[in-house]
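Here is what each chain is made of, one letter per residue.
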Protein chains: 2
Amino acid sequence: MGCDHEELHRAAAQRAKEQMPSEEQIAGMGAVFKALSEPCRLRILLALRQGEMCVYHIVEAVGGTQSGISHQLRILREGRIIKARRDGQNIVYSLADEHVAALLELACTHSHCQV
Amino acid sequence: MGCDHEELHRAAAQRAKEQMPSEEQIAGMGAVFKALSEPCRLRILLALRQGEMCVYHIVEAVGGTQSGISHQLRILREGRIIKARRDGQNIVYSLADEHVAALLELACTHSHCQV
DNA sequence: TCAATATATGAATAAGTGTTCATATATTAG
DNA sequence: CTAATATATGAACACTTATTCATATATTGA
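Throughout this description, residue numbers start from 1 for each chain and increase along the sequence as written. All chains are assigned letters beginning at A, and all ligands numbers beginning at 1, according to the order in which they are written. Local features in a predicted model are, by the rule used here, given only for residues with pLDDT of at least 70; side-chain atom pairs are given and counted only at 80 or more, and totals for whole chains, interfaces and linings are based on all residues. The side-chain figures draw on all heavy atoms in the structure; neither hydrogens nor water molecules are used.

**Q** Is there a simple way to think about the packing of aromatic side chains in this case?
**A** Two descriptors summarise a pair of aromatic rings, namely the distance from one centre to the other and the angle between the planes of the rings. Stacked, tilted and edge-to-face are the three classes applied to pairs of Phe, Tyr and Trp rings, where Trp contributes its six-membered ring and a pair requires centres within 6.5 Å; stacked means planes under 30 degrees apart, edge-to-face means over 60, and tilted covers the rest. One pass over the structure, following the stated rule, counts 1 aromatic pair over all chains. Plain terms: the ring middles of phenylalanine 33 of chain A and phenylalanine 33 of chain B are 6.1 Å apart, the flat faces sit at 20° to each other, and that makes the pair stacked. With phenylalanine 33 of chain A in helix α2 (residues 23-35) and phenylalanine 33 of chain B in helix α2 (residues 23-35), this residue pair bridges two chains. Using a 1.4 Å probe on the protein chains alone, a residue whose accessible area is under 20% of its type maximum counts as buried, one over 50% counts as exposed, and one in between counts as partly exposed. Assessed through its relative accessible area of 1%, phenylalanine 33 of chain A is described here as buried. To qualify as a helix, a DSSP run of H or I must reach at least 4 residues; to qualify as a strand, a run of E must reach at least 2; elements of each kind are numbered from the N terminus.

**Q** I tried to follow the interface of chain A and chain B on my own but got confused; where do I start?
**A** How big an interface is tends to be stated in terms of the accessible area lost upon association of its parts. Contacts: residue pairs with any heavy atoms within 4.5 Å of one another. Contacts between the two partners involve 59 residues from chain A and, on the opposite side, 59 residues from chain B. We define buried area as the total accessible area lost by two parts upon association, computed with a 1.4 Å probe and summed across both. Interface area for chain A against chain B, summed over the two sides, is near 5,500 Å², with a carbon-plus-sulfur share of 64%. Broken down residue by residue, the surface that chain A buries against chain B is led by Gln19, Phe33 and Gln50 of chain A, which jointly contribute 12%. Any Lys or Arg side-chain nitrogen found within 4 Å of a carboxyl oxygen on Asp or Glu counts as a salt bridge. In this structure, the connection of chain A to chain B is made through 2 salt bridges. Note that glutamate 23 of chain A and arginine 43 of chain B form a salt bridge whose closest N and O atoms lie 3.7 Å from each other.

**Q** Got a minute to help me understand the environment of arginine 86 of chain A in this structure?
**A** Residue and element names in this part refer to chain A. Inspection of the secondary structure puts arginine 86 in strand β2 (residues 82-87). Given the relative accessible area of 59%, arginine 86 is considered exposed. Residues arginine 86 and cysteine 54, spaced 32 residues apart in sequence, show a C-alpha to C-alpha distance of 9.2 Å. N or O atoms within 3.5 Å of each other form a polar contact, as long as, within protein, one can give a hydrogen and the other can take it, and as long as residues adjacent in sequence are counted only when both atoms are side-chain atoms. A polar side-chain atom of arginine 86 sits 3.0 Å from the main-chain carbonyl oxygen of glycine 88.

What follows is the structure in structure tokens.
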């Protein structure tokens, strides 16, 4: 079994095993990517690159129903992808940190989008 | 409706609408993130950062069944996240390009993993 | 050609997820 | 306190997706 004539692959597999992140770390990374994987959520995040916004304006910017957007916002909030603060009657959302912005930036350049 | 006392948000929403990527671009970005979102696939990609590997060694590095890994490899291949080449009896896989490596790098630093 | 090995694939099932509808909570204005 | 507005939540359904099992394809060596 295996391609034993390729000692290089065996060594790579060995290194990979040794420094494979923990179960929790893998799950954490996966959660971030999953949050970014649905079109609706991605739209919300791309919109928030323009600055913080309340729910009403997010709905205006990305379309869809208030309820649907709110559900997605919850997922993004729980995944620490965005953060929320209350301002009177409104909840104002914004990107959580620079890592998120960087991921979006990378995805955009990879897809040849404008900034 | 809306927080009309916040002209800033309205302006951000307007900018967001104007430069929202196209349907296809959104779908494309989402597909990449989705490919990276499942623990098993993420493990495969993290392993491939150590260098190209054939299926046998990928299974050895990340665990799971040959069939399961093969299914995930197909998804990654079709999403252009990895590339494959045949070498005799073996198929050798590697990360598709630098963008993928960069995304993994970002996720790792964000999760405080070693390189 | 045949046997052995490496990898891929199809079908089936089980679990996860997005969306919608109705309703609940919280804040402000009167 | 009441009405109005902004946002969140729960349940239900349709849809997608991962995993497993069995089997198929492709390559090598004899």
